[in-house]
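Geometric and topological summary
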Amino acid sequence: SFWSNNIVQTLQQLTEKNNFINSCSSYKDDDYKSAALIPLRSGDETIGLLLLCYKKADIFTLQDITFLESISNSISITLKRIITEEYLRESEERFRNFFEKSPNYCFMISSSGFIIDVNKATLNNLGYSETDLVGKKFNIIYSKKFKKRVKEFIHEFISGNKKLTNIENEEM
């Protein structure tokens, strides 16, 4: 953390290379006298800064800074959650876009082997409607000849014995 109760004097003493100048230099023109810069950390990573400026000099005490540092932990947790949720939304959107626009057959299958979702390419190529497949066992699309092998394949995949790279080469 960094804090000053005479920001104008402090800014004059700091060199141009200091990041604090970049954060506060615009505030000196607004007659701010006191400033506190509290890092917002998540683990070892600084994810943001809490910058407080006040127009009166000598406003911050060490006790104030200690308190601000303690609440910065809660702010950091909230900020990290917001960042993570945004990343998750973007990731889900990329996946959904890939899933829906893929020219290949794409299924989402539950661990018990039921179809949760299916893309349009699959429906168009196999001649099914979404209601024909969603909620049904995955092996519904295979002939009786291959149903046992499909069941074994899914079981092997879910148990971790089948690697994802082997799926496209399976003949069923």
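In this report, we go over the structure that sits alongside the text. (Residues numbered from 1 in each chain as written. Predicted model: local features only at pLDDT ≥ 70, side-chain atom pairs only at ≥ 80, totals over all residues. Heavy atoms only, no water.)

**Let's talk about the overall build of the protein chain**
Note the threshold: Under the DSSP-based scheme used, a helix requires at least four consecutive residues in state H or I and a strand at least two consecutive residues in state E, with every element numbered from the N terminus. Buried means the residue's accessible area, taken with a 1.4 Å probe over protein chains only, is under 20% of the maximum for its type, while exposed means over 50%, and partly exposed covers the values in between. Should any heavy atoms of two residues lie within 4.5 Å, those residues are considered in contact.
A tally of helices and strands in the protein chain yields 6 helices and 5 strands. When the helices and strands of the protein chain are read in sequence order from the N terminus, they spell out β-α-α-β-β-α-β-β-α-α-α. With 172 residues in all, the protein chain has 26% of them scored as buried. Considering only intrachain contacts with a sequence separation of at least 6, the fraction spanning at least 24 residues in the protein chain is 36%.

**Let's talk about the nonpolar core**
Applied cut-off: The term nonpolar core refers to a set of buried residues drawn from Ala, Val, Leu, Ile, Met, Phe, Trp, Tyr and Cys, joined through side-chain atoms within 4.5 Å.
Ranked by size, the top nonpolar core spans 9 residues in total: F107, I115, V118, L123, L133, F138, I141, V150 and I154. Elements represented by at least two residues in this core include exactly β5 (115–118) and α6 (144–159). Ignoring anything within four residues of it in the chain, the contact list for I115 reads F107, M108, L133, V134, G135, K136, K137, F138 and I140.

**Quick look at the pattern of salt bridges**
The condition that has to hold: Each salt bridge in this description consists of a side-chain nitrogen of Lys or Arg and a carboxyl oxygen of Asp or Glu lying within 4 Å of one another.
Counting across every chain of the model gives 5 salt bridges. We note a salt bridge from R89 to E86, for which the minimum N-O separation is 2.9 Å. Taken together, the residues span about one helical turn, with R89 and E86 both in helix α3 (residues 62–101) at a distance of 3 residues. Since its relative accessible area comes to 35%, E86 is described here as partly exposed. Residue E100 pairs with R96 through a salt bridge whose shortest N-O separation is 3.6 Å. Here the residue E100 and the residue R96 both occupy positions in helix α3, the gap between them amounting to 4 residues, near one helical turn. For E100, a relative accessible area of 44% translates into the label partly exposed.

**Section: the packing of aromatic side chains**
Stated formally: Only Phe, Tyr and Trp rings take part, Trp by its six-membered ring, and two of them pair if their centres are within 6.5 Å. Stacked means planes under 30 degrees apart, edge-to-face means over 60, and tilted covers everything else. Either the NZ atom of lysine or the CZ atom of arginine qualifies as a charge over a ring when it sits within 6 Å of the ring centre and within 35 degrees of the ring normal.
Applying the stated criterion across every chain, the model contains 2 aromatic pairs. Look at F107 and F138: their rings are 4.8 Å apart centre to centre, the planes differ by 85 degrees, and that puts the pair in the edge-to-face class. Within this pair, whereas F107 is found in strand β4 (residues 107–109), its partner F138 is found in the loop between α5 (130–133) and α6, the two being separated by 31 residues in sequence. We classify F107 as buried; its relative accessible area is 18%. Since its relative accessible area comes to 10%, F138 is described here as buried. The residue whose ring lies beneath K55 is Y32, and the NZ or CZ to ring-centre distance is 5.4 Å. A cation over an aromatic ring shows up here: K137 above the ring of F114, its NZ or CZ 4.6 Å from the ring centre.

**Here we look at the environment of L49**
Summarising the element assignment, L49 is placed in strand β3 (residues 45–54). Sequence separation between L49 and A36 is 13 residues, and the spatial gap between their C-alpha atoms is 9.9 Å. Those residues within four positions of L49 in sequence are excluded, and the remaining contacts are L37, I38, P39 and L40.

Keep in mind these values describe shape, not function.
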